[in-house]
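# Observations on the three-dimensional arrangement
The residues making up each chain are set out below.
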Amino acid sequence: MIDRLRQALDEVIADVVVPLATCVDRDGQFPTKAIDALGAAGVLGVTVPTAAGGGGRGLEDAVDIVERLAEVCGSTAMVVMMHFAAVPVIAAHGSREVLAQIAAGRHLTTLAFSEAGSRSHFWAPLGTAVAAGQDVTMSARKSWVTSAGQADSYVWSSRPLAAEGPMTLWLAPSGTAGLSVAGPFDGLGLRGNGSRPVRAEAARLPRSAMLGADGTGLDLAMTLILPWFLVLNAAFSVGLAEATVREAVGHLTGARLEHLDQMLADQPGIRGDIGRMRMRTDTAHALLADTLTALTTSRADQMLRLLEAKAVAAEAAIEVTDLAMKTCGGSAFRKELGIERRFRDARAARVMAPTTDQLTDFVARVCLGMPLLDGGS
């Protein structure tokens, strides 16, 4: 990451994100101040092409940003991660005005894919788009949308308007009449990421809101959105794991068994757990780095690495946070250490579409020479 951006990010993390992280989690509070500060610092626009006024940076810089945010506040990291995942398709096919607003740090976007009827099968939307003169009307029940009611726009999936194909993508302003946040979010983890259901009831959009051609939404999702989503999700999990190892080591070297005049870390069993935590974190981090290399060099195994990265990192973060809860004992159950928050936040990546189970099946399909999705898609 360029030094100027790194310095700006460091300042926002220290001055805004860290001080708010506890109340964001405790109160389920959307990190508005942190997102506004990241926008003002140029972070939200860093991946927008320079021709549109953005930073022109790529996936590697976005990985660094998400990883570092995840170390201090999972909810803020997830909001930024979903924003970054949505930007490439807007840059390629969206409104130049919206792209300029993103570049200026004044527009937060997100993905609205998963639906109540098809759940984590994001590639099979049930929501519809129906022609209405020069406009279209949208109807759908989106099940979980990060930053719902907080983002300025949604990259929205529907069944095609008229063409063949599994879906079409749209850029829907969040204030569109007929779009409504359908319920609250009071979850186990990522409590401040605003992940709530969103409904479209005859929501009216101009046809110009279509991203790409009608019916090509799955192709756009697979080529422009999914690589960013999977890699940044892996960065999110690695960041959580790194912070957990650091907190655990700090506690286990600082707390003592006074009657034995030993640190907790002097116990062999505890050292074994710390070793396992470090190795699992480093394995996930190495795979993430290799995935970036595979993508940037168009290596033959890039699809395999891409599918592996999120699943491996998600399961690593779950194992690392579980070991930290065990190793740090009763202290880990208290809020002030920060481990129990990361324990809860880490579990989200396993069930975010595509889930760990789905990705494991996709990996097997690649190994077997089978199509990723049934029907040859």
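Look up a bit, the structure's there.
In this report, the structure presented in the accompanying data block is examined.

### Examining the overall build of the chain
Broken down by element type, the chain carries 11 helices and 10 strands. A compact globule built from 377 residues would reach a C-alpha radius of gyration of about 21 Å, and the chain, at 21 Å, matches this within 12%. By principal-axis analysis of the C-alpha atoms, the chain measures approximately 80 × 45 × 40 Å. Residues counted as buried form 56% of the 377 residues belonging to the chain. The contacts of the chain with a sequence gap of at least 6 include a subset with a gap of at least 24, amounting to 71%. Carbon and sulfur atoms make up 54% of the accessible area of the chain, which totals about 15,500 Å². A distance of 3 Å separates the average location of the 35 positive side-chain charges in the chain from that of its 40 negative side-chain charges.

### A look at the packing of helix 4 (residues 74-93) against helix 5 (residues 96-103)
The interhelical angle for the contact between helix 4 and helix 5, taken along N-to-C directions, is 140°, at an axis separation of 9 Å. Of the possible angle classes, the one that applies to helix 4 and helix 5 is oblique. Helix 5 is crossed by helix 4, and the crossing has left-handed handedness. Residue-level contacts link His 83, Val 87, Ile 90, Ala 91, Ala 92 and His 93 of helix 4 to Arg 96, Val 98, Leu 99 and Ile 102 of helix 5. Taken together, the residues of the contact of helix 4 with helix 5 break down into seven nonpolar, two polar and one charged.

### Quick word on the packing of aromatic side chains
Taken as a whole and judged by the stated rule, the model has five aromatic pairs. Three or more aromatic residues link up through ring pairs in this structure, and these residues are Phe 113, Phe 122, Trp 123 and Phe 362. One residue, Arg 347, lies across the ring of Phe 343, its end atom 3.6 Å from the ring centre.

### Let's talk about the pairing of strand 5 (residues 168-173)
In terms of burial, strand 5 is largely enclosed, as five of its six residues are buried. The pairing of strand 4 (residues 153-158) with strand 5 spans six bridges and is antiparallel. Along strand 5, the bridge assignment pairs Val 155 with Leu 171. Bridging between strand 5 and strand 8 (residues 210-211) involves two bridges; their strand directions are antiparallel. Residue pairing in the sheet places Leu 169 in a bridge with Leu 211 of strand 8.

### Details of the packing of helix 6 (residues 217-254) against helix 8 (residues 302-327)
Following both chains from N to C, one finds helix 6 and helix 8 inclined at 20°, their axes separated by 8 Å at the closest point. The angle between helix 6 and helix 8 falls in the class roughly parallel. Crossing hand, helix 6 versus helix 8: left-handed.

### Details of the sheet that holds strand 7 (residues 196-206)
One open sheet holds the four strands; their spatial order is 2-3-7-6, and the pairing between them is antiparallel. The open sheet is flanked by strand 2 (128-132) and strand 6 (179-181), the only strands paired with a single partner. Within the sheet, the average angular offset between the axes of one strand and its neighbour, ignoring direction, is 15°. Here strand 2 pairs with strand 3 (residues 135-145) via five bridges, running antiparallel. Its bridge partner being in strand 3, Ala 132 is matched across the sheet by Asp 135.

About the cut-offs
- Residues numbered from 1 in each chain as written.
- Predicted model: local features only at pLDDT ≥ 70, side-chain atom pairs only at ≥ 80, totals over all residues.
- Heavy atoms only, no water.
- Helix = DSSP H or I, 4+ residues; strand = E, 2+ residues; numbered from the N terminus.
- Rg over C-alpha atoms; globule rule 2.2 N^0.38 Å.
- Buried < 20%, exposed > 50% of the residue type's maximum accessible area, 1.4 Å probe, protein only.
- Contact = heavy atoms within 4.5 Å.
- Areas by Shrake-Rupley, 256 points an atom, 1.4 Å probe, with all protein chains shown as cover.
- Lys, Arg positive; Asp, Glu negative; His and termini not counted.
- Charge placed at Lys NZ, Arg CZ, Asp CG, Glu CD.
- Axes fitted to C-alpha atoms, helices over the stretch in contact; angles between N-to-C directions.
- Parallel < 35°, antiparallel > 145°, perpendicular 65-115°, else oblique.
- Left-handed = near helix turned anticlockwise from the far one by under 90°.
- Nonpolar A, V, L, I, M, F, W, Y, C, P; charged D, E, K, R; others polar.
- Phe/Tyr/Trp six-rings, centres within 6.5 Å; stacked < 30°, edge-to-face > 60°.
- Lys NZ or Arg CZ within 6 Å of the ring centre and 35° of its normal.
- Pairing = 2+ DSSP bridges.

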